[in-house]
Amino acid sequence: IVVTTNILAVLGLRPLYFLLENAVNKLSNLKFFLGFYLLYLAFASILEFFFIHIPDVVSLIVLLSSIIMALLSEEFLPSLNRKIKIKEKS
């Protein structure tokens, strides 16, 4: 059972990896907001070490809001996106 669940988990993560890879290529700000979420997870892990629990709903809200902010920033800040893309090319 353990081997089967691990195989199915890996098979499920592979399409998710390619989905995120394509999303990062299309959304230039997504990597910054996912980086913010990783910093949040690190902070939450440090708080767990000191026995301060953050509810799972808060983590889900932070994740969804970071993705929504990445989508909105791509739509409403096109000049910022052009500057980032120009810097990446040079």
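Preceding block: the structure.
The following refers to the structure shown. Computed from a predicted structure; not experimentally measured.

**Considering the overall build of the protein**
Stage number 1. The secondary structure content of the protein amounts to four helices and zero strands.
Stage number 2. Shown N-terminal to C-terminal, the secondary structure of the protein runs as helices and strands in the order α-α-α-α.
Stage number 3. In the protein, which comprises 90 residues, the share counted as buried stands at 19%.
Stage number 4. Considering only intrachain contacts with a sequence separation of at least 6, the fraction spanning at least 24 residues in the protein is 62%.

**What about the packing of aromatic side chains?**
Stage number 1. Summed over all chains, the structure comprises two aromatic pairs.
Stage number 2. Ring geometry for Phe 49 and Phe 50: centres 5.2 Å apart, planes at 80°, overall edge-to-face.

**Side note on the side chain of Ser 66**
Stage number 1. You can see Ser 66 is positioned in helix 3 (residues 56-76).
Stage number 2. Aside from chain neighbours lying at most four places away, what touches Ser 66 is Phe 33, Phe 36 and Tyr 37.

**Here we look at helix 3**
Stage number 1. In a regular helix each residue adds 1.5 Å, so 21 residues correspond to 30 Å; helix 3 covers 30 Å between its end C-alpha atoms and thus fits that length.
Stage number 2. Those residues of helix 3 that fall on the buried side of the exposure criterion are Ser 59, Val 62, Ser 66, Ala 70, Ser 73 and Glu 74. Buried residues of helix 3 fall within an arc of 105° about the axis and therefore sit on the same side. Away from its buried face by more than 90 degrees, helix 3 exposes Val 57, Ile 61, Glu 75 and Phe 76.

**Some points on a nonpolar patch on the surface**
Stage number 1. On the surface, Leu 60, Leu 64, Ile 68, Met 69, Leu 72, Phe 76 and Leu 77 cluster together into a nonpolar patch covering about 690 Å² of accessible area.
Stage number 2. For Leu 64, the position within the fold is in helix 3.
Stage number 3. Judged by its relative accessible area of 45%, Leu 64 is partly exposed.

**Some thoughts on the nonpolar core**
Stage number 1. Counting residues in hydrophobic clusters, the biggest one holds six residues: Tyr 37, Tyr 40, Ala 44, Leu 47, Ile 54 and Val 62.
Stage number 2. Ranked by residues supplied to this core, first place goes to helix 2 (residues 30-49) with four residues.
Stage number 3. Residues contacting Val 62, with those up to four places away along its chain left out, are Phe 36, Tyr 37 and Tyr 40.

**Topic: the side chain of Ser 59**
Stage number 1. When you line up the elements, Ser 59 lands in helix 3.
Stage number 2. Leaving out residues up to four positions away in the same chain, Ser 59 has contacts with Tyr 37 and Tyr 40.

**Regarding the packing of helix 2 against helix 3**
The geometry of a pair of packed helices is captured by two quantities: the angle between their axes and the separation between those axes.
Stage number 1. Where helix 2 contacts helix 3, the axes come no closer than 8 Å and their chain directions differ by 165°. By the criterion of interaxial angle, the relationship of helix 2 to helix 3 is roughly antiparallel. Crossing hand, helix 2 versus helix 3: right-handed. Across the interface between the two elements, Leu 30, Phe 33, Phe 36, Tyr 37 and Tyr 40 of helix 2 pack against Val 58, Ser 59, Val 62, Leu 63, Ser 66, Met 69, Ala 70 and Ser 73 of helix 3.
Stage number 2. Considering only residue class, the contact of helix 2 with helix 3 consists of 10 nonpolar, three polar and no charged.

Rules used in this analysis
- Residues numbered from 1 in each chain as written.
- Predicted model: local features only at pLDDT ≥ 70, side-chain atom pairs only at ≥ 80, totals over all residues.
- Heavy atoms only, no water.
- Helix = DSSP H or I, 4+ residues; strand = E, 2+ residues; numbered from the N terminus.
- Buried < 20%, exposed > 50% of the residue type's maximum accessible area, 1.4 Å probe, protein only.
- Contact = heavy atoms within 4.5 Å.
- Phe/Tyr/Trp six-rings, centres within 6.5 Å; stacked < 30°, edge-to-face > 60°.
- Expected span 1.5 Å × (residues − 1).
- Arc of directions from axis to C-beta.
- Patch = residues over 30% accessible without salt bridge, like charges linked within 9 Å, V, L, I, M, F, W, Y side chains within 5 Å.
- Areas by Shrake-Rupley, 256 points an atom, 1.4 Å probe, with all protein chains shown as cover.
- Salt bridge = Lys/Arg side-chain N within 4 Å of Asp/Glu carboxyl O.
- Core = buried A, V, L, I, M, F, W, Y, C linked by side-chain atoms within 4.5 Å.
- Axes fitted to C-alpha atoms, helices over the stretch in contact; angles between N-to-C directions.
- Parallel < 35°, antiparallel > 145°, perpendicular 65-115°, else oblique.
- Left-handed = near helix turned anticlockwise from the far one by under 90°.
- Nonpolar A, V, L, I, M, F, W, Y, C, P; charged D, E, K, R; others polar.

Functional significance is not addressed by these values, which are geometric in nature.
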